[in-house]
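Here is how the chains run, residue by residue.
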Amino acid sequence: MIDHATVDAIARELRRAELDRGWCELPSERIGGLTWADARAIARRRDALRLDDGDALIGYKLGWTSKAMREALNIARPNWGTLWRSQVLDGRLDLGRVRHPKAEPEIVFVAAAPIEGPSVTAGDVLSLAAGWALGIEVVHPRWASYDITWLDNTADNSSSSGVVVGSPTVEGLADEQDLADATVEFSDGTTTRDGAGSAAMGSPAEAVAWLARSLADEGERIEGGQWVFTGGLTAPFDVAAGGLYTARSPKLGEVRLVAHGGS
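Residues numbered from 1 in each chain as written. Predicted model: local features only at pLDDT ≥ 70, side-chain atom pairs only at ≥ 80, totals over all residues. Heavy atoms only, no water.

*Asks:* Help me understand the sheet that holds strand β12 (residues 253–260) in this model?
*Replies:* Adjacent strands of a sheet form backbone hydrogen bonds with each other and so pair up, either parallel or antiparallel. Here 5 strands make up an open sheet; going across it, the order is β3-β12-β11-β7-β8 and the pairing mixed. Each edge of the sheet is formed by a strand with only one pairing partner; in this case those strands are β3 (92–94) and β8 (192–196). Between one strand axis and the next, the sheet turns through 20 degrees on average, direction left out of account. Bridge count for strand β7 (residues 183–187) against β8 is 5 bridges, and the pairing is antiparallel. Opposite V184, over in β8, you have G195 as the bridge partner. (Pairing = 2+ DSSP bridges. Helix = DSSP H or I, 4+ residues; strand = E, 2+ residues; numbered from the N terminus. Axes fitted to C-alpha atoms, helices over the stretch in contact; angles between N-to-C directions.)

Structure below.
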């Protein structure tokens, strides 16, 4: 495992890049034999820096929960990042804060109570759901481009940047199959892409259970009231100034993101 000084240095570079719209050298290019443990150590240290700056943890986001996408990109496993109060958008994204954002639709879990332990099941998740919502996640790597490894992405908090969340509901979402069958249309006003909850590990409930089991390995848990973005359900759109991105679902309603500003 890389030493603490290196972890701290990379985490601080990432934090600065996040704040000033910059970019960093890839850990995979500066560290021989970068491992999952190394990448997670960097991500955790950056989380500590956010806390030091007065931000608040509000949940988690999952990446690469689609098996087809992992196989296409030769990704070893899903990953996750943390979500923060400062990342919550009011439906608008200021492009002056980001360099190369993309947007994707996701099904969002809202926890009614803590979820923890190495044996959490999808059934446990369903029983502890305060609701499920439709969301749009803005991903924004703090690297020069998207030509990165999955471990670079993991170190970069799974590229989490901003989120918009609709109104939670439990109506018609009583079991895994209901969630797997939940369809989503995602549009940039010109092109519409179709997805379904089954893209997230077969069911968003299983995706949340996987996260809970993974967090248990690090001594953490999903807290009551926290959100979990369960993974992209369609290919993302590049976000451009003036763009309007709309996600719609018969079961989960509608949520929108409009982009403005930039240079």
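Next, the rest of the story.
*Asks:* Honestly, helix α3 (residues 36–52) in this entry has me stumped. Any pointers?
*Replies:* Because an α-helix packs 3.6 residues into every turn, residues spaced three or four apart end up facing the same way. Relative to the 24 Å expected for 17 residues at 1.5 Å per residue, α3 spans 24 Å between its end C-alpha atoms, a close match to the ideal helical length. All buried positions along α3 are accounted for by W36, D38, A39, R40, A41, I42, A43, R46, D47, L49 and R50. Residues of α3 that are buried in the fold lie against α1 (4–20), β2 (79–84) and α6 (150–155). (Expected span 1.5 Å × (residues − 1). Buried < 20%, exposed > 50% of the residue type's maximum accessible area, 1.4 Å probe, protein only. Contact = heavy atoms within 4.5 Å.)

*Asks:* Sorry if this is basic, but what is going on with the pattern of salt bridges here?
*Replies:* Side chains carrying opposite charge are able to pair once their charged atoms draw close together. With the rule as written, the count across this model stands at 20 salt bridges. Here R30 ties to E13 by a salt bridge, and the two come within 2.7 Å at their closest N and O atoms. Note that R30 is positioned in helix α2 (residues 27–30) and E13 in helix α1, a separation of 17 residues in sequence. Taking the relative accessible area as the measure of exposure, R30 reaches 32% and is therefore partly exposed. (Salt bridge = Lys/Arg side-chain N within 4 Å of Asp/Glu carboxyl O.)

*Asks:* What's the story with the side chain of H140 in this structure? I'm lost.
*Replies:* Counting through the fold element by element, H140 comes out in the loop between β5 (129–139) and α6. Here H140 falls in the buried class, since its relative accessible area comes to 2%. Every residue in contact with H140, bar those within four places of it in the chain, is listed here: R97, V98, R99, H100, P101, Y146, D156, S159 and S161.

*Asks:* I'm lost on the layout of surface pockets in this one. Help?
*Replies:* If a probe as big as a water molecule is rolled over the atoms, it shows which places are left empty. Reported here for the largest pocket is a volume of approximately 640 Å³. Considering the residues around the largest pocket, the lining is formed by 28 residues, among which W64, M69, L73, E104 and P236 are closest to the centre. Secondary-structure elements contributing two or more residues to the lining of the largest pocket are β1 (57–63), α4 (67–73), β4 (102–111) and β5. The class makeup of the residues in the lining of the largest pocket is 13 nonpolar, 10 polar and 5 charged. (1 Å grid on protein atoms, 1.4 Å probe; cavity = no way out; pocket = protein on both sides within 12 Å on 5 of 7 lines; lining within 4 Å. Points joined across faces, edges and corners; volume = space filled by probe spheres on them. Nonpolar A, V, L, I, M, F, W, Y, C, P; charged D, E, K, R; others polar.)

*Asks:* Could you clarify how one ought to interpret the environment of G54 in this entry?
*Replies:* With respect to the element layout, G54 can be found in the loop between α3 and β1. Each C-alpha atom of the pair G54 and S86 lies 9.7 Å from the other, and the pair is 32 residues apart in sequence.

*Asks:* For this particular structure, what's the right way to read the nonpolar core?
*Replies:* The nonpolar side chains of a soluble globular protein tend to be buried, and buried together. Counting 66 residues, the largest nonpolar core has F109, W132, L211, I222 and L257 as its most contacted members. Tallying contributions element by element places helix α8 (residues 204–217) first for this core, with 8 residues. Apart from residues no more than four positions distant in its own chain, F109 is found in contact with I115, V125, L128, A129, G131, W132, V208, Q226, W227 and V228. In terms of nonpolar packing, the next biggest core, distinct from the first, is built from 6 residues, I58, L83, A133 and F229 among them. (Core = buried A, V, L, I, M, F, W, Y, C linked by side-chain atoms within 4.5 Å.)

*Asks:* Any chance you could explain the pairing of β7 here in plain terms?
*Replies:* Put simply, side chains in a regular strand alternate between the two faces of the sheet. Here β7 folds back onto β8 in antiparallel fashion, the turn holding 4 residues, of which G189 has a positive phi close to 95 degrees. Bridge count between β7 and strand β11 (residues 244–249): 3 bridges; the pairing is antiparallel. If you follow S187 over to β11, its bridge partner there is T246.

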